[in-house]
Every structure is written in C-alpha cells, then in structure tokens.
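Listed here are the chains, written in short residue letters.
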Amino acid sequence: MSLSRHVDPEDIIHHLQDLRIPAQSSYSSTGQTSHLTPFSHPYASQRDIPRYQIPADGAPGDTVYEMLKDELDLDGRPNLNLASFVDTYLEDNAQKLMAENMGKNLADNDEYPAMLSISNRCVSILAHLWGVQKRKQKETEGGAAQKDDKAVGSPTVGSSEAIHLGGLAMKRRWQERRRAAGKDTLKPNIVMGANAQVALLKFARYFEVEERVLPVSEKSKFCLDPELVRESVDENTIGVFVILGSTYTGHYEPVEAVSEILDEYQEKTGVDIPIHVDAASGGFVVPFSHAGTGGWKWNFELPRVVSINASGHKYGLVTAGVGWIVWRDESCLPKDLIFELHYLGGTEESYTLNFSRPGAQVIVQYYNLIHLGFSGYREVMENCLANARILSQSLEATGWYTCVSDIHRRRSPTTITTPLPNEVHTETSASYAAGLPVVAFRLTDEFRREYPHIKQQTISLLLRARQWIIPNYALPPGENGTEILRVVVRVSMSFDLLDRLVTDIVQVTETLMDKDEVDLSVLREQHRKGWPVVGKGKGKGEKKKEEAEREGEGKMQDGIHRSVC
Amino acid sequence: MVHLSTIPAKDEVNKLAEGLKKAHLQLVNDADSFTTTVYGSRFAAQDLPRHEMPEGEMPKEVAYRMIKDELSLDNNPMLNLASFVTTYMEEEAEKLMAESFSKNFIDYEEYPQSADIQNRCVSMIGRLFNAPVGTDETAGAVGTSCVGSSEAIMLGVLAMKKRWKNKRVAEGKSCENPNIVMSSAVQVCWEKATRYFEIEEKFVYCTEERYVIDPEETVALVDENTIGICCILGTTYTGEYEDIKAVNDLLSKKGLSTPIHVDAASGGFVAPFVVPDLEWDFRLDHVVSINVSGHKYGLVYPGVGWVVWRSAEYLPQELVFNINYLGADQASFTLNFSKGASQVIGQYYQLIRLGKHGYKAIMSNLTRTADYLSDSLEALGFIIMSKKSGEGLPLVAFRLPPQEDRNYDEFAVAHQLRARGWVVPAYTMAPNTENLKMLRVVVREDFTKSRCDSLIADIKLSQHLLEQMDQDSIKKQQEFINKHHTASGKATHNHPKYRREKHSLQGKTGKTHAIC
C-alpha cells in the first residue's frame, strides 16, 4: 500500500472553482444565449446553479428542468428503500389523476365541490371499515336503546396531523370534564408505549401534556404493556395512545386488553379514560388481512376507542401526503375546536392544522378504494404478509439471524380459524401470528459470540452500497440493548426482488465473516464520519446534536429518534 | 462465462404434450365480458360506492374515468378570483413535480437531494427577507418548509410561546396566561393557533377608515404576558401592508423586547420585488420570525409554505426533535411528518427559473392589472378600499357607494357574477366595521388584462341588471343562485352540531374569514 496524503474534497472543489473559465462575453449575463438544447446554457458548464440566493435573472424552463431532474437522480431509488412504510408505487391511472389535479386546493371547498365530495366519501368508507356501522347494528340487536353514533372525520396531511388533532380533542374534552367537576386542569398527561413514533411525543410537547412513556419489554412484544398502563393512569390522564402496528417490530398493541384495564379502572375510580388508536400503518392492514389482529377487537367496536387515525400514504397505497382521522361520534370532538368559514352564503367547518394543501392524494385514495375494493386490498395485504414470511423464514434458515418480529411464526393450532371454503388451497396469514408486514431481525447470539467484531451496523452499511436501504437501530427504551435491522415489505416488493434481497444479505454477511477485525475497522471509521451527510451545516440547527451523531449510537432518551415511518 | 443456448425451432415452441393435442377446448367464458369503452361497462350504469368499500374490484380504466368525470364538476380555477393559491405552473415544472410524487419529503436519508433543495430554498428566501447570515452557532437564520402558512404560523406561535415561558420560568413568574396581540383582520389560522395552544388573543380592532392595525394601539396592548405581536404583510381583506416599522420603532422607543412575527403569507413574495425599500423584514430588530406561502405569490401549486427565524436562539431547543436515520441526523420542527416532496422541488424550480428579474416582471404586471381594474371600477362608481401602485398586494377590494335607495348589496353582485361563472367573493369586514361589506378580486399570475376586461364588462352588466330589479325579485334570484350555483349552498356535509359556533370572531361578530 502506498502512502497517501489526506485529501480534503472541499479543498479540491474550491480549487476547481478558481480554475473555472470566466463567463465569456458571448454569453451575455441576461441569459440570451443560443438555445439549441437545454444544455446550451451557462448553467451547464460555467456557472453554478444558484444555491443560496435567488439569482438576479432567470433561466429557460427546459434548462432548469434538466438541471433539477439530473440533480434529483442522486436521490435514492424509492423501491429499494426498505426502511419506509410510505408507498412509492402508483398505478398509471392514479399517477394521471394526481398530475391532473395537482393544482387543486383541498381547502377551497367552494371552488372544488366535487373533490370535497370525494373526500367525504373516503371518510365515510373508512369509518365503516373501522366498525362504526357494526357497533350500531349490534346495539339495536341487543335491544339497548342507545343513540346512534354519528362518526365525523377528516383528511389530513399525514398521521402526524391526525394524531395532533386526535390528542387535542381528548385534551379539550378532559379539560371540559374537569372544569365541569370544578377541578384544576393544570397537569394533563397522556400514556403511550416507548415504541411511539415521534409524532406522538411531538403532540405531548407542543400541546403541553405530560408524556408518560412506558418502557417496553420482550414480554410485551416490544410495545405497550397493558399491565403498566394500569399503574400509570390517573385522574389527569387525558387518554391513552395505543399503536396498531409498532413501527419497530410490526406488533399490534393489544387495544382490547388496554380497554379492559381502563374499564376496570373506571369501575374503581369513576374516571373515564378514552383511547386513541394510532393505526397509521395497521389501519389498512388489519381489516383486510385474514389474520386480523389475531382475534381481539381494536376499532370502534370497543366503546372506549374514541378516535382512529391511519395513513393513506402507507398501506392505503397512496404516495406521500394523505392521512385520515375518524372520531366515533360528534360528541368526541369538542365544539370550540371547530372553526366555521362563511363563504358566499355557504358554510364550511374546519378542524385542521393545515389549511391550503394539495387534494390530489385524496382523489387517489378514492381511486384505490373503489378500484381495488375489499378483495383487491385483501390480495395486496396477503401478498405483502406472505413475502414478509418468506423473508423471515429465509433469514432464520441461515442460522445467523433471528427475527424479532413474529408474523412468520405459526399460531398455536387451537386458534387457527377454519379457512373459507373457496380458500382451502391457499395458505393465508390467518395461520400465523398477526402483525404488520415488517421483518425485524438481528444477529443470533451464537453468531455474535463467534464473530464479536462484526457489528450489525456494518451489514446495513454494506447493503447500502448495493442500494438497499435497511436501517439498523436500537429497540425502544426498556429493550434498547438490542439492535435490529428492519425491512418493511411494501406492495412493490415483488417475489423476484425479495430473492435478490435475501441473496444480497447472505453475501454481505459471508463477506463480513471472511474479514478480520482490522479490515472492518475501516468501515467503522467510514460510518463515524456520517455516511451521506445531508444539507451540511445549512439545516435547521444541526449543530445541536452533532455530538450525538459522532457517537453514532444516539438513543431515544438522548432525544434521538431512530425509526422513521 | 458465456452460456451457449440453442434457438428453438418453430414446432418446439409451445409444444404440447402428446395427449393434450386433441383435447383443445374451445369454450367461451361468459363471465369475462369485455366492453368496447368504459361507458359500455356495467359500472357506468351503477352508483359509485360512496359509503362503504365495494367487495370486488373495478377495472382501473373505469375507476379512472369515473373519478375524472366526477371531478369535471369542479369549477374552473381560471375564473376563481377568490383565492390566492396558484393555479398555473409551467409544463416543465409540472413534469418535474409529477416525477416526484412518490418521494417522501421527510425521508432525508433516501432523498438527500430533495432535502438539500429545501435547504437552498430556505437560504434564498431568508436572504430575500434580509435575514442575518452567519456561520457560528448563534448567528444565522434558520428555517423550514411547511405544508402551508397555517403550519408555519403555528410553528412560529409555538416558538414564541415557549421562549416566553422559558423566560418567565427563569424569572420565577407565573406562565399561565400568555397572550398575543394581533389585528382583528387575521386569517382564521391565527385564531386556531391561539385556541389550540391555549393563548389569549388580544385584538386590535379595525375601524371604518383603517383596515390595518394601529401601531400605537397595538403597542399599548402589550403587557408582561404578551408572547409576541403578529403583523400582517398584506391583509386578506384589502391587501394592505401593516406598518410593521412603526410597531417596531414604538417598541424600541418604549424599551420593550416583545418579538414580532410577520405573517407575510401573501406579501412575502410581492413586497421584496415591487417595493424593495419597504422595511418590514429582518431589517427590523424586533422581527423574530416570518412566514410566507410558497403556493401563493411564490407561484407553486398548493402544499408549500416557509417559516424563517432570525436565529436559532428564537427557536427553543425543546421544540426541535432529532430524528436519526442510518447515521444521518436531522432536526425536525414540524406538525406534519410524511408529505410529498414535489412542491418544494417546484419552489426551487420557480426561484431559479424566474430569478429576481422574473418575479419582478410578474409582480409588476399583476400590480399594473390591479391598478387598471381599480381605475375601471372607480369609474363604474365603486369605492376602492385597497391600495394602489404596489402599496399593497395586487388585489382589488371594493364596495358600493353608500346609497339609501339601492335594493341590492355587495352579496347580490357576487351572486350575479357567480351565475356568469366568476367567483368574486363578498365579505363582511372585521369586527367594529361590521356593516362594511366588500367584494374582493385577487389578481393572480394567470389573470391577464384581456380577462380583466371581460370581468369589468360582466360587473357592469350585473350592476345594470340588479338596478332594474325590485327587492323581491332580487331576493328570489339570490336564493336561487345560492342554492343552485354555489357549492357551499348545496353542501350537505356540514355537521349540524358544529354549525353556528359562537366562540370565534366569526361566531361572535359575523366577520367572514376571507379565503386565502
């Protein structure tokens, strides 16, 4: 190996810029250049594309288009990003609908009445899907003369907004109850598992509610432990966030068990604590998959569930930018949160954090709902789950990996439901444990004993070089000694691609097993520098946590959230 | 290594097993009926599912066509003069945006380039607002993209509230009753922000002559519990710029340290190009944060707004969440998480495609058109309430002259124009100017002079028509138009429970929230 001097890339670029030929007089600064192709413009070779200041003069549309398009080639390939739940595939027709309606503003109800009607239909369809109707029927059958629930709901930009809205409604109802009882409203709190997505914590922080984050354990399947809920609720609890589909391991949190515990609590103390179900990922998986939740109730069939949110842009199969929230009944949504907008004699009601926003995603959601229908969605979810099972089984078959997720494990025979007559020959997810189509896996203990120098992080890094994005991160507090690699199986993960993925994971692991510690230390160095650094120094206050980054092992209690949804 | 492979002969392709050759069935499967067009299918004769998911699938062409046809009932955006939101973009920009639909903006690790583009936009917009730049930790503006100005404003309010709270806690004083000072002409999201984050609102009311805040009165409302002052660069009613400099100077004179947030949702992309000398931005010491809508005069389709803080100091650290993802750390301060990246890319396209010169050219044209429309309406006898020649947004707010014997009001004119296809909204002004009704035309990029001429002709026509009618027939006709020509009149989706709320400015005083 020859000795080499340390090279600073910044320095080289700086130097190159000095060398650059000064703009020639034939290119007048007003941009009147000969325009043969988009590339016959100073931006193509001599001038930097403006980065930090709006340029004094513009440039032709096609030039700018090409420049930006080429620049965006550096973004990853959406389909190989196995880290994210967010849908990246759109059918051609859906893509067309999106493009045609790109300019429509969802907030402008008077101008776009047809779009508004479509959005209302989606809310209605989802409310039914989540059991609003069912409960009504049951009660009338049972003879209990309760008043009908009138579900209300709204499209949102994503589940984050939906969670803020759901949480705020719970907080306001709690305040109303307390004030009516003549009690103070100073210390509201909300209960959630440590596996909660960052949006749930944001809600608590921004709306000044104390967050009671319960640690997770292996026993609670790395999500909310109903037993701990019992000890953490009190009269100041505005509600419990229950997550249907933990983003870490794909386990569903036991909504019914939590509900029963809160029932007991109410019996004892008279304090009624509602549940908000964060079904960001599970809202479109549970109703369709044969496995369901594995036998317990999770939706509006439970009277304690007051609101449910789901992301249309996850398993709802729409690209980024749409979420949904539905409240079981109008009484769950305090009136003083709603604003009325009068407009040309008509009225609109609004409960959102965003106002003007694109409506195309809502249209595509409706397209998916009626194009796929129940059976179409079922097929997609079953395929995803089947692929996830295959991946889990293949990984475990290597003997190097073990899965933390459970969807590939058979259910105990007693709970297997008999398949429907027309589905006798195909194995469905009903024979397996319920969960999101997520594979969370880690190196086995034996493997780690044998090759203590191989870090899981390195596997993630090497897969990245093969264009796969598979994140490696610690489980939530309580179990954060364990690191997992996580693959989200989305609709666009075909069997063929899965085959390649398994091959690549195996090859990467084999390569690592052949190397000794010295070779691998190079890689770790590389990682410490921060693999692809984004928006260097210009981002929003990145300096604050640069130290944590250098450590390379940020944990949630240090304020570093590692899982992305 | 190269594999050798043979090319099969013709009879070897699709070779059937011996026994199968004779059993070649020729059956027609009736269940698979193909149709010539979408409209020949059974779906064309059925209702589209509205309330429950259909059990079975629908062919994709059919689903596409049905939804597209349904959407043709939406109005023509070109004739919508009510909204500030962009309805025209160049084809190249549309293409670029369509290609980015599947990109999730917050996925920094996967789409680093899109994230970098956001940072460039923040930097450009910050500089446009004369934000201080610096490299060390305390100096230098920070900013972020949002879904729209609503989110941006909520973030701004949250930051102000938290800073105030931190300060009060440090001083050992109570922090239970925060308040914020703002004009009564604010957009509804300010009311939302105060309601949702539990802040008391202190309004500076407008009068019949003054549609913006009065600096004296504003500063007089400030007390120790005031988290900040909201100033609007371009109110949604009359488009007038509030005198932010005067507020700033008064604060300095009184030795107060109250921060100002400038709501430049509409004006942020107009004032710097049309009246660059107007001091409203970070040139003023008290301005700590500014928000602007990219989807208004930033000339991008709906879904992008921006907020910039003077420096990281004004953005309390507790509000910023760090998200680590495969080694790349990102600080995040948003209310939304996953969202499309298209609009941010569209914004960058517009910024570098147009440059300062291009924006200036467009905004100058709009100002000219607005002036022309104002002059023409004045000639028609209307009273113009908006400012001219760049002293406000390119919009025209006007009302009928006070006249005892007239049978119709501004709302009647609006309804009459609606029947012609124009959406020109009528509003009741902010509180204390209650009886003041007005009409408003927003001059957007795609509103050319020739279209302006046809609008003027139609206004004249409807005025004539209304003058000839008596009170009864006007009333009847209005009801008819309201019922049959406007969408909101026909709407059935409004929940009866939430109707006629009494808690907002609108519920209390009858102020209409102008559409933005």
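Fair warning: this is a prediction, and the values are worked out from it, not measured in the lab.

Caption draft 1: Spotlight on the UniProt feature "modified residue: N6-(pyridoxal phosphate)lysine" (unreviewed entry) in chain A. Residue and element names in this part refer to chain A. Following the UniProt record, the feature "modified residue: N6-(pyridoxal phosphate)lysine" (unreviewed entry) maps to K314 here. Residue position: K314 is located in the loop between β6 (305-311) and β7 (323-327). Under the relative-accessibility criterion, K314 is labelled buried at 4%.

Caption draft 2: Focus on the side chain of A:K171. Along the chain, A:K171 turns up in helix α7 (residues 159-180). Separated by 2.8 Å, the side chain of A:K171 and the backbone oxygen of A:F207 make a polar contact. A:K171 has contacts with A:P188, A:F207, A:E208, A:V209, A:I238 and B:E198, leaving out every residue within four places of it along the chain.

Caption draft 3: Region of the structure containing the packing of helix α3 (residues 61-72) of chain A against helix α2 (residues 91-99) of chain B. One can describe the packing of α3(A) onto α2(B) by two numbers: an axis separation of 9 Å at closest approach and a directional angle of 15°. Judged by the inter-axis angle, α3(A) sits roughly parallel to α2(B). Seen from above, α3(A) lies across α2(B) with right-handed handedness. Here A:G61, A:D62, A:Y65, A:L68 and A:K69 of α3(A) come into contact with α2(B), specifically with B:E92, B:K95, B:L96 and B:E99. Among the residues making up the contact of α3(A) with α2(B), the classes are represented as 3 nonpolar, 1 polar and 5 charged.

Caption draft 4: Summary view of the UniProt feature "modified residue: N6-(pyridoxal phosphate)lysine" (unreviewed entry) in chain B. Residue and element names in this part refer to chain B. The feature "modified residue: N6-(pyridoxal phosphate)lysine" (unreviewed entry), as annotated in UniProt, sits at K296 in this numbering. For K296, the position within the fold is in the loop between β6 (287-293) and β7 (305-309). Classification of K296 by relative accessible area gives buried; the value is 5%.

Caption draft 5: Highlighting the interface of chain A and chain B. Each partner contributes to the interface: chain A provides 151 residues, whereas chain B provides 153 residues. At the boundary of chain A with chain B, total buried surface from both sides reaches about 13800 Å², with 58% on carbon and sulfur atoms. The tally of links from chain A across to chain B stands at 9 salt bridges. Two residues, A:E208 and B:K165, come together in a salt bridge whose shortest N-O distance is 3.5 Å. Across the contact surface, chain A and chain B share 46 residue pairs in polar contact (both at pLDDT 80 or more). Examining the composition of the side of chain A that touches chain B, we find that 13 residues originate from one element, helix α11 (residues 360-397) of chain A, more than from any other. Its residues assigned to classes, the side of chain A that touches chain B comprises 67 nonpolar, 44 polar and 40 charged.

Caption draft 6: The pairing of β6(A), seen in detail. Residues and elements named next belong to chain A. When you tally the buried positions in β6, you get 7 out of 7 residues, the bulk of the element. In this structure, strand β5 (residues 275-278) lies alongside β6, joined through 4 bridges in parallel fashion. Bridge pairing links H276 to S307 in β6. Note: β6 against β7, 5 bridges, orientation antiparallel. Across the sheet, I308 pairs through a bridge with V326, a residue of β7.

Caption draft 7: Up close: the pairing of β5(A). What you see with β5(A) is no split at all: A:I275 and A:V277 on one side and A:H276 and A:D278 on the other are buried throughout. The parallel pair strand β4 (residues 237-243) of chain A and β5(A) is bridged by helix α10 (residues 255-269) of chain A, and the resulting crossover is right-handed.

Caption draft 8: Just unusual backbone geometry, in detail. In this structure, A:Q467 is a non-glycine residue whose phi angle is positive, near 75°. With respect to the secondary-structure elements, A:Q467 resides in the loop between α13 (456-465) and β12 (472-474). Despite not being glycine, B:E198 has its phi angle at roughly 60°, a positive value. A relative accessible area of 32% means that B:E198 is categorised as partly exposed.

Caption draft 9: Representation of the sheet that holds β5(A) in the model. Residue and element names in this part refer to chain A. The 7 strands are arranged β1-β7-β6-β5-β4-β2-β3 in an open sheet whose pairing can be described as mixed. Of all the strands in the sheet, the pair left with one neighbour each is β1 (152-156) and β3 (210-214). Taken pair by pair, the neighbouring strands of this sheet meet at an average axis angle of 20°, ignoring direction. In this sheet, β3 lies alongside strand β2 (residues 189-193) in parallel orientation, the contact comprising 5 bridges. By the bridge assignment, G193 is partnered in β3 with L214.

Definitions and cut-offs
- Residues numbered from 1 in each chain as written.
- Chains lettered and ligands numbered in written order.
- Predicted model: local features only at pLDDT ≥ 70, side-chain atom pairs only at ≥ 80, totals over all residues.
- Heavy atoms only, no water.
- UniProt positions renumbered as here; feature names shortened; annotations may be inferred.
- Helix = DSSP H or I, 4+ residues; strand = E, 2+ residues; numbered from the N terminus.
- Buried < 20%, exposed > 50% of the residue type's maximum accessible area, 1.4 Å probe, protein only.
- Polar contact = N/O pair within 3.5 Å; in protein donor to acceptor, adjacent residues only side chain to side chain.
- Contact = heavy atoms within 4.5 Å.
- Axes fitted to C-alpha atoms, helices over the stretch in contact; angles between N-to-C directions.
- Parallel < 35°, antiparallel > 145°, perpendicular 65-115°, else oblique.
- Left-handed = near helix turned anticlockwise from the far one by under 90°.
- Nonpolar A, V, L, I, M, F, W, Y, C, P; charged D, E, K, R; others polar.
- Buried area = accessible area lost by both parts, 1.4 Å probe.
- Salt bridge = Lys/Arg side-chain N within 4 Å of Asp/Glu carboxyl O.
- Pairing = 2+ DSSP bridges.
- Right-handed = clockwise from strand over helix to strand, strands pointing away.

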